[in-house]
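One letter stands for each residue in the lines below.
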Amino acid sequence: MEKEQKNTKKMTGSHAVIQSLLAEGVDLIFGYPGGAIMPVYDALYDYHDKLHHVLTRHEQGAVHAAQGYARVTGKVGVSIVTSGPGATNAVTGIADAMIDSTPLVVISGQVGSSLLGTDAFQEIDVVGITQPITKWNFQIKSAQEIPGALARAFYIARSGRPGPVLIDITKDAQSSTLDFAYTPVTKIRSYTPVNAPDESQILKAAQLINEAKKPLILVGQGVILGGAENELKTFAEKTGIPAAWTLLGLSALPSDHPLNVGMLGMHGNYGPNVLTNEADLLIAIGMRFDDRVTGNTKAYGVNAKFIHMELDPAEINKIIKVDAPILGNVKETLPLLTAKVIKNNHAEWRNEFKKYDVVEAERIINEELKPSKDGITMGEVINKISTAYNDDAICITDVGQHQMMASRYFKFKQTRSIVTSGGLGTMGFGLPAAIGAKMGRPDRPVVLFVGDGGFQMTIQELGTIFQTEIDVKIVLLNNNFLGMVRQWQELFFDKRYASTELINPDFQTIAKGYGLHVEKVTNRSSLDESIGRMIKSKGAYLLEVIVEKEGNVFPMVPAGASVSDVRLE
């Protein structure tokens with residue numbers, strides 16, 4: 001609800017954009033200028049002491065960087081792009097943010113309002129294009145609309161289930177004048193970002209928990225987005241229920257917490273996957289039953305009843321029919337549930353997970369972390385780097401085999417310590433996301449794990465690192481393959497490696513050209529020393545490690561299979 005605006009000041013629409021951002025507490029934006037957004041960039045010139053702009057090398061990089069910033073800080077990330085190709089280049093990042101519930105405000109320039117619909121130079125219907133992949137989008141044609149639209153944009157982006165919002169501003173709206181006053185939005189008619197929990201469902205859930213013999217908690221990103229890490233810990237410790245996390249739920253609990261039994265999903269840990277179908281109660285907290293977690297839904301949780309604690313009502317019963325849905329922010333609903341459950345231990349049930357841990361360690365983990373063969377494995381590199389950082393760095397990943405290896409072998413002590421592309425699986429996400437993450441948390445070390453395929457999709461963002469001089473550590477795990485696709489080809493397509501082997505450039509020379517410290521590791525004997533030099537160095541660093549060419553990520557639940565059908569080889 002916008003209150004009556006007072007104390008107005010005459011200014012141009014472009015200055016109103018900057019003043020609106022400042023009113024929302026924005027101090028960092030990522031973007032790329034162009035003709036249709038030039039008035040805003042001209043206004044930005046007057047505010048360089050208050051609002052830092054990071055010039056990325058591509059609009060996709062600008063949005064991914066804003067995502068990285070938002071994911072580690074919990075704030076709204078902001079990107080500014082121009083019309084036409086500038087706006088369409090931003091689409092992948094916007095879609096990624098939508099499916100992973102990342103709060104963004106993307107501002108795009110647009111041709112003058114008199115030219116709309118004429119196929120003018122660099123005109124594109126970005127509102128129509130982005131409607132399915134934003135929480136809300138809006139085209140501003142009058143300068144007077146700017147403060148109200150931006151106030152609404154920030155409220156929608158951050159409230160309820162977070163997500164991206166796009167505001168498209170015509171060039172004449174940027175150039176004309178208005179009487180500016182800014183009032184933050186605190187309520188929008190017909191928009192209910194958080195539903196009140198149903199007391200009867202909380203009582204029903206508590207009864208299910210108190211009666212369960214083999215319950216399992218499924219920890220999703222909603223715990224992190226809701227700031228409910230302590231509430232989760234209190235609930236788990238009172239009930240004694242083992243907890244497994246999804247890919248985006250990583251770091252919601254410390255890795256070494258005694259109730260943390262590992263990761264769910266296609267490349268998750270052996271025990272949590274198999275025992276999902278032995279559990280008599282599954283308690284989903286802030287997760288959406290993604291297909292990478294459930295596998296074949298008809299063979300998922302076959303012995304279990306379901307409790308679903310979820311903020312977005314659209315997710316309730318969408319994939320899995322549940323017995324006790326609890327709507328609301330889990331930071332508020334978890335304490336209500338915790339108060340009504342009895343203190344328990346479930347020691348015997350928890351020991352079942354340890355049995356599977358032993359098998360997984362013998363069959364997979366030991367071989368990955370202490371391999372007997374000559375080739376360096378991804379897992380050992382990631383594990384060594386995590387240990388060298390005392391398990392307390394922010395881990396950024398691109399998408400592919402290294403992403404799954406990082407989720408398995410990097411450890412976490414505090415929340416918001418991993419940034420990865422989940423639902424969209426965007427190759428090229430990692431490098432720009434690492435830039436945004438480091439700028440959002442300059443106090444913490446940021447290490448990026450990236451494959452040789454994804455690295456080349458946004459390699460131009462090394463230029464952004466060069467210009468900003470930020471301290472990002474890049475670990476390039478190079479196997480000269482599109483590794484995850486190659487693994488599927490090996491397992492399911494008779495090793496017909498169609499278009500997956502890469503002939504790569506000299507990454508060291510390229511990185512040197514961008515001013516990075518560089519080092520290349522080809523032998524295990526020099527790995528530890530190289531990692532040590534990277535960590536001790538100041539400034540950006542590329543550590544390229546040549547890993548085994550045809551290594552695979554296991555365990556693996558084949559697509560469409562039951563979570564019980566876990567392959568260990």
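Residues numbered from 1 in each chain as written. Predicted model: local features only at pLDDT ≥ 70, side-chain atom pairs only at ≥ 80, totals over all residues. Heavy atoms only, no water.

> Honestly, empty space enclosed by the protein in this entry has me stumped. Any pointers?
Rolled over the atoms, a probe with the dimensions of a water molecule shows which regions are left empty. Tallied over the full model, the rule gives two cavities of 30 Å³ or more. As a volume, the largest cavity reaches approximately 80 Å³. Residues of the lining of the largest cavity, tallied by class, amount to four nonpolar, one polar and two charged. Roughly 70 Å³ of volume is contained in the second largest cavity. Together, Glu368, Thr377, Met378, Gln401, Met405, Asn479, Val547, Glu548, Gly551, Asn552 and Val553 line the second largest cavity. Class assignment of the residues belonging to the lining of the second largest cavity gives a composition of four nonpolar, five polar and two charged. (1 Å grid on protein atoms, 1.4 Å probe; cavity = no way out; pocket = protein on both sides within 12 Å on 5 of 7 lines; lining within 4 Å. Points joined across faces, edges and corners; volume = space filled by probe spheres on them. Nonpolar A, V, L, I, M, F, W, Y, C, P; charged D, E, K, R; others polar.)

> Explain the nonpolar core here, please?
Buried together is how nonpolar side chains tend to be arranged in soluble globular proteins. Ranked by internal contacts, the top residues of the largest apolar core, which has 96 residues, are Ile217, Ile285, Ile307, Leu337, Ile385 and Phe449. Of the domains in this structure, domain 2 (199-352) and domain 3 (371-546) are the two that each give at least three residues to this core. Counting residues in each nonpolar core, the second largest holds 46 residues, with Phe30, Phe429, Ile435 and Ile459 among its members. (Core = buried A, V, L, I, M, F, W, Y, C linked by side-chain atoms within 4.5 Å. Buried < 20%, exposed > 50% of the residue type's maximum accessible area, 1.4 Å probe, protein only. Domains from an automatic or database assignment.)

> Help me understand the environment of Asp280 in this model?
Of note, Asp280 is situated in the loop between helix 12 (270-276) and strand 12 (281-285). With residues up to four places along the chain from it excluded, the contact list for Asp280 reads Ala212, Lys213, Lys214, Pro215, Asn303, Ala304 and Lys305. Among the polar contacts made by the side chain of Asp280, one reaches the main-chain amide nitrogen of Lys214 at a distance of 2.9 Å. (Helix = DSSP H or I, 4+ residues; strand = E, 2+ residues; numbered from the N terminus. Contact = heavy atoms within 4.5 Å. Polar contact = N/O pair within 3.5 Å; in protein donor to acceptor, adjacent residues only side chain to side chain.)

> What is the right way to look at helix 17 (residues 401-409) in this model?
For an α-helix, the turn length of 3.6 residues means that residues three or four places apart are oriented alike. The buried fraction of helix 17 is high, at nine of nine residues. By the burial criterion, the buried members of helix 17 are Gln401, His402, Gln403, Met404, Met405, Ala406, Ser407, Arg408 and Tyr409.

> Would you mind going over the side chain of Thr397 with me for this structure?
Structurally, the position occupied by Thr397 is in strand 15 (residues 394-397). Judged by its relative accessible area of 0%, Thr397 is buried. Residues contacting Thr397, with those up to four places away along its chain left out, are His402, Gln403, Ala406, Val419, Thr420, Phe429, Gly430, Leu448 and Phe449.

> Any chance you could explain the sheet that holds strand 2 (residues 28-31) here in plain terms?
Sheet strands associate in pairs through backbone hydrogen bonding, adopting either a parallel or an antiparallel arrangement. Judged by pairing direction, the sheet is parallel, and its six strands sit side by side in the order 3-2-4-5-7-6 without closing on themselves. With partners counted over all chains shown, the strands left at the sheet margins are strand 3 (52-55) and strand 6 (136-140), one partner each. When strand polarity is set aside, the average angle formed by the axes of neighbouring strands in this sheet is 20°. Across the sheet, helix 5 (residues 91-99) lies against strand 5 (104-110) and strand 7 (164-170), angled at about 145° from strand 7, the strand it touches most. (Pairing = 2+ DSSP bridges. Axes fitted to C-alpha atoms, helices over the stretch in contact; angles between N-to-C directions.)

> What is the right way to look at the pairing of strand 4 (residues 77-81) in this model?
Judged by how many residues are buried, strand 4 sits mostly within the fold: five of five residues are covered. Residue alternation in strand 4 divides its side chains into two sets, Gly77, Ser79 and Val81 and Val78 and Ile80, and both sets are buried. Bridge count for strand 2 against strand 4 is two bridges, and the pairing is parallel. The residue bridging Gly31 from the neighbouring strand is Ile80, located in strand 4. Relative to strand 5, strand 4 runs parallel, the two being bridged by five bridges. Its bridge partner being in strand 5, Val81 is matched across the sheet by Ser108.

> I'm lost on the environment of Asn89 in this one. Help?
Within the secondary structure, Asn89 sits in helix 4 (residues 85-89). A relative accessible area of 26% means that Asn89 is categorised as partly exposed. C-alpha separation for the pair Asn89 and Val475, spaced 386 residues apart in sequence, amounts to 26 Å. With near-sequence residues (within four places) excluded, Asn89 lies in contact with His58, Glu59 and Gln60.

> Just checking my understanding: could you explain the side chain of Glu380 for this structure?
With respect to the helices and strands, the residue Glu380 is situated in helix 16 (residues 378-388). One polar contact links Glu380 to Arg524, side chain to side chain, over a distance of 2.7 Å. Contacts of Glu380, omitting those with residues within four sequence positions, involve Glu368, Leu369, Pro371, Gly375, Arg524 and Leu527.

> Even after reading the chapter, I still don't get the layout of surface pockets, so can you show me in this structure?
Here the second largest pocket defines a volume of roughly 520 Å³. Ser255, Asn260, Val261, Gly262 and Asp357 are the residues nearest the centre of the second largest pocket, which is lined by 26 residues in total. For the lining of the second largest pocket, the elements supplying multiple residues, two or more each, are strand 11 (260-263), helix 15 (347-369) and helix 17. With eight residues, helix 15 is the largest single contributor of residues to the lining of the second largest pocket. Three or more residues apiece are contributed to the lining of the second largest pocket by two domains, here domain 2 (199-352) and domain 3 (371-546).

> Just checking my understanding: could you explain helix 14 (residues 330-338) for this structure?
Residues of helix 14 that are buried: Val330, Thr333, Leu334, Leu337 and Thr338. Down the axis, helix 14 shows its buried residues gathered within 135° of arc, on one side only. Tucked into the core, helix 14 has its buried residues touching helix 9 (199-211), helix 10 (222-225), helix 11 (229-239), strand 12, strand 13 (305-310) and strand 14 (324-327). Near the N-terminus of helix 14, the side chain that reaches the backbone nitrogen of Lys331, with its oxygen 2.9 Å away, is that of Asn329. (Arc of directions from axis to C-beta.)

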